[in-house]
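Each chain, written out:
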There are 4 protein chains.
Amino acid sequence: MDRLRFLTAGESHGPGLCGILEGIPAGLALSTEPIDSDLKRRQKGYGRGGRMKIESDRARIYSGVRYGLTLGSPICLLVENRDWQNWERGMSPLASDAGGIEPVVRPRPGHADLAGALKYGHQDVRNILERSSARETAMKVALGAVAKQLLLAVGIRVMSYVRAIGEAYTPLSALGGHDPTDLFRAAEESDVRCPDPSVSGLMRQAIDKAMKEGYSLGGTFEIVATGVPAGLGSHTHWDRRLNARLSYALAGIQAIKGVEVGLGFEMSRRPGNEVMDEIFHGAPGYFRKTNFGGGLEGGISNGMPIVLRAAMKPIPTLRRPLRSVHLQTHEAMEAAYERSDVCAVPAAGVIGEAMVALVLADALLEKFGGDSLDELKRNHHGYMEYLKSR
Amino acid sequence: MDRLRFLTAGESHGPGLCGILEGIPAGLALSTEPIDSDLKRRQKGYGRGGRMKIESDRARIYSGVRYGLTLGSPICLLVENRDWQNWERGMSPLASDAGGIEPVVRPRPGHADLAGALKYGHQDVRNILERSSARETAMKVALGAVAKQLLLAVGIRVMSYVRAIGEAYTPLSALGGHDPTDLFRAAEESDVRCPDPSVSGLMRQAIDKAMKEGYSLGGTFEIVATGVPAGLGSHTHWDRRLNARLSYALAGIQAIKGVEVGLGFEMSRRPGNEVMDEIFHGAPGYFRKTNFGGGLEGGISNGMPIVLRAAMKPIPTLRRPLRSVHLQTHEAMEAAYERSDVCAVPAAGVIGEAMVALVLADALLEKFGGDSLDELKRNHHGYMEYLKSR
Amino acid sequence: MDRLRFLTAGESHGPGLCGILEGIPAGLALSTEPIDSDLKRRQKGYGRGGRMKIESDRARIYSGVRYGLTLGSPICLLVENRDWQNWERGMSPLASDAGGIEPVVRPRPGHADLAGALKYGHQDVRNILERSSARETAMKVALGAVAKQLLLAVGIRVMSYVRAIGEAYTPLSALGGHDPTDLFRAAEESDVRCPDPSVSGLMRQAIDKAMKEGYSLGGTFEIVATGVPAGLGSHTHWDRRLNARLSYALAGIQAIKGVEVGLGFEMSRRPGNEVMDEIFHGAPGYFRKTNFGGGLEGGISNGMPIVLRAAMKPIPTLRRPLRSVHLQTHEAMEAAYERSDVCAVPAAGVIGEAMVALVLADALLEKFGGDSLDELKRNHHGYMEYLKSR
Amino acid sequence: MDRLRFLTAGESHGPGLCGILEGIPAGLALSTEPIDSDLKRRQKGYGRGGRMKIESDRARIYSGVRYGLTLGSPICLLVENRDWQNWERGMSPLASDAGGIEPVVRPRPGHADLAGALKYGHQDVRNILERSSARETAMKVALGAVAKQLLLAVGIRVMSYVRAIGEAYTPLSALGGHDPTDLFRAAEESDVRCPDPSVSGLMRQAIDKAMKEGYSLGGTFEIVATGVPAGLGSHTHWDRRLNARLSYALAGIQAIKGVEVGLGFEMSRRPGNEVMDEIFHGAPGYFRKTNFGGGLEGGISNGMPIVLRAAMKPIPTLRRPLRSVHLQTHEAMEAAYERSDVCAVPAAGVIGEAMVALVLADALLEKFGGDSLDELKRNHHGYMEYLKSR
């Protein structure tokens, strides 16, 4: 992420979240509407905890946009934490407020709690969990929504849907010949964001059971990007490979334990002759009849939809707590419990869209340059014309 | 990769490969021995093509080392291509040699060939395949061998073994309670680098069948790093997360289509209470009895062995060729054939070790700083003592 | 700037400025006091325009600090623009407010106005000048104040004073054997931030004259950092050289047209034997009796105070306007006039301190690592002890 | 330097120098001719030591070029050290050769020697001076020559000439209305690279005197880039400012103690109304009649020639040695002496060209993207047409 850079900041119960996105060209139409829409999509989903109702996130555009158009300067977004008033003392930046609330001293397995407390020298795990919390993903989503607007301007669309929650699994996939837009549309109408109505029911059942028995569930989601021209990314150096950059971004989301491109792990089990996307040429230029590779060959987009999958582990905060140890006394005790979701896979897909959009926007600007949307589009158009001549 | 940087260069049939590694502290013992040893490990493996016999790679230390110790200046390694003499005309940098050999005009599905030729505007696919070739991984391995020496100096060891080739699969894993060093030792004695002798046989059979029938096979390998203290990486920003950085590096290897950490995709299927690594404290400080998370929680190493898996697709070059199209005439034809391996998963594990070692060395230097090995060790030691006090 | 990263955002008449600083260790005492103090120092100075009275900047710590200590997570600071209420329409992000105020169509020579409008495709120069404005430097100062706190924790202090305003010039310099702390203290008591009382008078006279006659004045300031141990930066690669990184940061400040280290340009005029800092050894270890090099040799700090100078051009906005051209009609007209200062060199010194502090903090963390202040200090202490043994 | 990256490696008396340049588009004509030509220009100059005769550097293109055209893959260049055979033992990478020659134990003031030895923990200063040596600049020049070829393809030319050696100084400057190409052509015919024949004589005299009396001389050189369109760099963030990036690159050259843009320090002394480049519009679009700003306003190129100056300190190695201290015994002694030049300012200008070319090529690619020269030129052309419409 060089051409497009961003940093996020903010604790889960601090005043709010902040993000700065630097490198978006000038002249892009931008309002809070698509950002808030994605923030809302992130908050929905069967199996979310009570907090999702509290929040109803809304972004404030603090800089970088004037009269509905980006300026070319850094875009700063703010998203308030709605329950900040309840935490003003507990999360106060002032030394004089120290000890406003009880410290968290029973680190939760599966979270950054213990490793973070050791690394940063904290005695109160709250000093870690406030930042490692999935709350931060709201800002990822907000910034990703800006990147999506840029991509849309050149016909690139990033979508997601849930493939599995726990053991409930749908074979419906963009790889299987299904139109990604159809899958996406169906998923958007499901409260588990699964495009397969019959499996949606199984997923809800699994969540109900987990909720009742006090455990949590993970799952997998699929991200598809359509309209990506052949030629983003590069084979020339490992860190320029688009599949690697996309994997980095997805693996950088809280709770993600695996990422795959196209057929992914399944591809490693099948013979080579069955999983390569043969090359044809016709009216529209080069094309493929299959997409085992998920739109990426040799680290470069090949013009087919980009298809990625990520595995989210179950949220480690469980009502039925795990064994842990007191941070000062080393006594065995149950891990701390912070209000949490039973299943957040539907939301994770939305977060995944955001990260994928940010990486694709970076790769787009890397290839086409452009300081204004007009310039980007002119350069993109010139290349699309060239592609037709090949 | 900020504290430690590297670039590689070189075409598959050019004069050789070059790599520059910048940021290794001074005073580290370094010779070509461990580098050549890893280069050799990369060349072995049942199912490799004829080229592996030609090559027998050896590294030349071109800079950054004097009297067996690193200087602190950039380390440059060169690995000659042994058959360069046969390609001096075909890969000549001189304009006057243009057309020395026939251009490659039938792009191979699954390779960077077509997407690369479109992106970079080439009419001869050789201009892409020479760099996208897995030959480049020899330099990754060479530079990774240097990183391994640094890691060893603070007790960190990076190992790999093959988990699957095609459908032949071993359940033996560092996650399953097996000692990674034992698995590694067993794997090193197997020509498929599989620690499970019975499965090794199945793997060889699968390769024999593929060779006979003209197709190729992929597979999965597992990387384990032992001795990593709790506290590398960070939860504070997505791109500092160690799991994400490791995934980036593995996904940046040619032919890798999926990466997972710890239980990975399997973790997303199981209930939350079954896959968290509960926390205990005893004589050695904090410890876990399980390692579902693969040594990483919240993007930070937690002191358990780091365990990663990557999926390699079958090599797309097949003796039984795939359908393609002539790059100028657009006539349907069979894809080009370049000498290739039937299965390179054993080698891929060695390459994976290298990339993991480079990322861990970067994360180590990020946490501990240090311009000389003495300084790095002093800072590391101070932290290890502190850990004991927690 | 890799170990420590930051982005700033905000337009001059937007709601405010925002900055995110990522990489500060945990456990550093931080309040708004030192930040606001530096913000105030930036706003002072003889010759400032009316806006300085309006503003009276104060920082809000939005994230990264709890109970007076840094958390290790990104530190977000916000500084409101006090006259935002007057600009809510003119700088509105909403498309529906478009045209709320007259566009600026007469680009001002010497500013980013014209080049920026061409680059970003704007027809209204306000879309450029709002970001290129020196208003942004308030956030540089705020983030720099955080970096200063980190440096102070290991005994490093960054100070500045004005050496010249227009032709009024003081020979007093840290290079000339004067104690930098004395110079700094004297400068802080002067409203032109000049340590030389007699020259301060001349500077004020020059400003009075410029104000009366409707022109502006630039000048030079000197930055000194004391307590920097030998060994920050590196000779091994151009972009690791500390003098280059410091020059980058100072040259990145609005209106800076020149940067020099130690004797700088003067050093290029004198014979070699007169300008090298000979080496001695005594009770405190190695030392120098002179500091022509400004504390930097071969891109590495050498233990002497780091001394830099920067040249600020006169502010290009003049009451007596310059010739320009209408951006749409191309008619010759006078350049636009935005409220501005006559001389901002005293403030520029404070901004220079901030940028130098950010670079030194980055270099410090690069060498010593450390995720908590304790760890940083332990590593720093170990190195200082080692230095004594040399 | 993100879009274009490079690393250099190599010790002064090691086998040679290596550089990898990553990010140059495909299809650029490249041979060793322009590289060797610049390497030769770097080696010339009145006042150089004996080594310049030994060397006669020539570059080998090791990767990234085929049949006279760049491939888009990393370009690796090698430049052998011609006297390596004399140093095979003294600079051997083998532990068994340790102590092949006497260690250097009397650090030279003004060099990285002492600070480097302390930082990296070396007892033999040779371990520092081999890398800090100006020998490394040969690779900067070689890589810069590649960047120049890219720039030439879009009409950008980077030139330099010497403005001062010691106190001998010419007022001839691109800022003073002189055509930079004329100045450059005249400089190329002078063995001190000064465009002013009468001053050339004074410079030679100064060098003769210094040589006779055993001291060294520094000086200043000016770099001009013509053909740079308005719009490279950016005002939006400090590290995107083109003047800052150029200053970084020049300050990163060995022995540079100051950098200025346009009028630079002189600009800080004059009243604002005298030093702004007023804006006009005519047949060719916007233009200026003056160039006080050196082609850069608000961190963005404005279409005028870019003019920079750098100050080189006298080379610290003096035949008449400086006082130093034995690194082990701490006894006062004379500093070590390594064969050196009396004056290297003419060469420094050539090195400055290289660094400026690399930064401009990076900024060019950042704005225009482009993976092939055709694509870069198409995007560049589209923007130039747009500029005409403004």
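No experiment lies behind these values; they were computed from the predicted model shown. Per chain, residues are indexed from 1 in the order of the written sequence. The order in which chains are written sets their letters, starting at A; the order in which ligands are written sets their numbers, starting at 1. Where local features are concerned, this predicted model is filtered to residues with pLDDT of at least 70; where side-chain atom pairs are given and counted, the filter is 80 or more; whole-chain, interface and lining totals use all residues. To get the side-chain values, take all heavy atoms of the structure and skip hydrogens and water.

**Q** Would you take a moment to explain the interface of chain B and chain A for this structure?
**A** Residue contacts follow a heavy-atom distance rule, with two residues in contact if any of their heavy atoms lie within 4.5 Å. On the chain A side, the residues contacting the 106 residues of chain B number 106 residues. For the chain B and chain A pair, buried surface summed over both sides reaches about 8,500 Å², with 63% attributable to carbon and sulfur atoms. The residue Arg323(B) makes a salt bridge to Glu278(A) at a minimum N-O spacing of 2.9 Å. Any pair of N or O atoms that falls within 3.5 Å is considered a polar contact. Within protein, one atom must be able to donate a hydrogen and the other to accept it, and sequence-neighbouring residues count only if both atoms are side-chain atoms. At the surface where chain B touches chain A, the tally comes to 41 residue pairs in polar contact (both at pLDDT 80 or more). Along the lines of polarity and charge, the residues of the side of chain B that touches chain A split into 48 nonpolar, 36 polar and 22 charged. Put simply, buried area is how much 1.4 Å-probe accessible surface two parts lose in total, over both of them, once they are put together. Take a side-chain nitrogen of Lys or Arg and a carboxyl oxygen of Asp or Glu: if they are within 4 Å of each other, that pair is a salt bridge. Each residue gets one of three labels, nonpolar for Ala, Val, Leu, Ile, Met, Phe, Trp, Tyr, Cys and Pro, charged for Asp, Glu, Lys and Arg, and polar for the others, Gly among them.

**Q** Quick question: what am I supposed to make of the relation of the copies chain A and chain D here?
**A** Put simply, the two copies of the chain differ by a rotation about an axis and a shift along that axis. Once chain A has been moved 0.0 Å along the axis and rotated by 180 degrees, it coincides with chain D to within an RMSD of 0.0 Å. What the rotation and shift describe, once combined, is the action of a two-fold rotation axis. In terms of C-alpha distance to the rotation axis, chain A has Gly369(A) as its closest residue, with the C-alpha 2.1 Å off the axis. A share of 100% of the interface residues of chain A reappears at the interface of chain D, consistent with the copies meeting face to face through the same patch. The copies were overlaid with a least-squares fit restricted to C-alpha atoms from residues scoring a pLDDT of at least 70 in each copy.

**Q** Any chance you could explain the packing of helix α6 (residues 137–153) of chain B against helix α10 (residues 345–368) of chain B here in plain terms?
**A** Axes are the key here: two packed helices are described by the angle between their axes and the distance separating the axes. All names here are of chain B. In this analysis an axis means a line fitted to C-alpha atoms, helices contributing only their contacting stretch, and an angle means the value between N-to-C directions, from 0 to 180 degrees. For helices the rule is a DSSP run of H or I covering at least 4 residues; for strands it is a run of E covering at least 2, with both sets numbered from the N terminus onward. Here α6 crosses α10 at 45 degrees, and the two axes come no closer than 7 Å. By the criterion of interaxial angle, the relationship of α6 to α10 is oblique. For the element pair α6 and α10, the recorded crossing hand is left-handed. Residues Thr137, Lys140, Val141, Leu143, Gly144, Ala147, Lys148, Leu150 and Leu151 of α6 form the contact with α10, whose participating residues are Val350, Ile351, Glu353, Ala354, Met355, Ala357, Leu358, Leu360, Ala361, Leu364 and Leu365. Of the residues assigned to the contact of α6 with α10, the class counts are 15 nonpolar, 2 polar and 3 charged. Orientation labels follow simple angle bins: below 35 degrees gives roughly parallel, above 145 gives roughly antiparallel, 65 to 115 gives roughly perpendicular, and whatever is left gives oblique. Working rule for handedness: look at the near helix, and if it is turned counterclockwise from the far one by less than a right angle, call the crossing left-handed; if clockwise, right-handed.

**Q** Before we go on, may I ask you to explain the relation of the copies chain B and chain A in this structure?
**A** Aligned on chain A, chain B shows an RMSD of 0.0 Å; the corresponding rotation is 180 degrees and the shift along the axis is 0.0 Å. By residue overlap, the copies meet face to face through one surface: 100% of the interface positions of chain B are interface positions in chain A.

**Q** So what exactly am I meant to see when it comes to the interface of chain A and chain D here?
**A** Often the size quoted for an interface is simply the accessible area lost on bringing the parts together. Every contact between the two is made by 24 residues of chain A and, on the other side, 24 residues of chain D. Together, the buried faces of chain A and chain D total about 1,900 Å²; carbon and sulfur atoms form 34% of this surface. Linking chain A with chain D are 8 salt bridges, by the criterion used here. Linking Asp239(D) and Arg5(A) is a salt bridge whose minimum nitrogen-to-oxygen distance equals 2.7 Å.

**Q** Whenever I open this one, the sheet that holds strand β10 (residues 256–261) of chain B confuses me. Can you help?
**A** Within a sheet, each strand pairs with its neighbour through backbone hydrogen bonds, oriented either parallel or antiparallel. The criterion for strand pairing is that DSSP finds at least two bridges linking the strands in question. Reading across the sheet, the 10 strands line up as β8(A)-β7(A)-β9(A)-β15(A)-β10(A)-β10(B)-β15(B)-β9(B)-β7(B)-β8(B) and stay open at both edges, with antiparallel pairing between neighbours. Looking at strand neighbours, the two that pair on one side only are β8 (168–169) of chain A together with β8 (168–169) of chain B, the edges of this open sheet. Of the pairings in the sheet, the one linking strand β9 (residues 219–226) of chain B to strand β15 (residues 306–312) of chain B comprises 7 bridges and is antiparallel in character. Within β15(B), the residue paired with Gly219(B) across the bridge is Met312(B). Running over the sheet, helix α8 (residues 197–213) of chain A touches β7 (157–165) and β8 of chain A and is turned about 60 degrees from β7(A).

**Q** How should the nonpolar core be read in this particular structure?
**A** As a rule of thumb, soluble globular proteins bury nonpolar side chains together. We define the nonpolar core as a collection of buried residues of types Ala, Val, Leu, Ile, Met, Phe, Trp, Tyr and Cys that are connected through side-chain atoms lying within 4.5 Å of one another. Type-normalised accessible area, obtained with a 1.4 Å probe on protein chains alone, sets the label of each residue: buried when under 20%, exposed when over 50%, and partly exposed for intermediate values. With 211 residues, the main nonpolar core has Leu360(C) and Leu360(D) as its most contacted residues. Setting aside chain neighbours within four positions, we find Leu360(C) in contact with Leu151(C), Ile156(C), Val158(C), Ala225(C), Val228(C), Leu232(C), Leu242(C), Leu246(C) and Ile306(C).

**Q** Would you mind going over the packing of aromatic side chains with me for this structure?
**A** Given two aromatic rings, one states the distance between the centres and the angle between the planes to describe the pair. Ring pairs shown here join Phe, Tyr and Trp side chains whose ring centres sit within 6.5 Å, with only the six-membered ring taken for Trp; geometry is labelled stacked below 30 degrees between planes, edge-to-face above 60, and tilted in between. On inspection of all chains with the given rule, the structure shows 24 aromatic pairs over all chains. When the ring of Trp238(C) is compared with that of Phe6(D), the centres are 6.1 Å apart and the planes differ by 15 degrees; the resulting orientation is stacked. Residue Trp238(C) is found in the loop between β9 (219–226) and α9 (242–251), and its partner Phe6(D) is found in strand β1 (residues 5–9); the two belong to separate chains. The exposure class assigned to Phe6(D) is buried, which follows from its relative accessible area of 7%. In this structure, Lys119(B) packs its charged tip against the face of Tyr120(B), placed 5.5 Å from the ring centre. Only lysine NZ and arginine CZ atoms are considered, and such an atom sits over a ring when it is within 6 Å of the ring centre and within 35 degrees of the ring normal.

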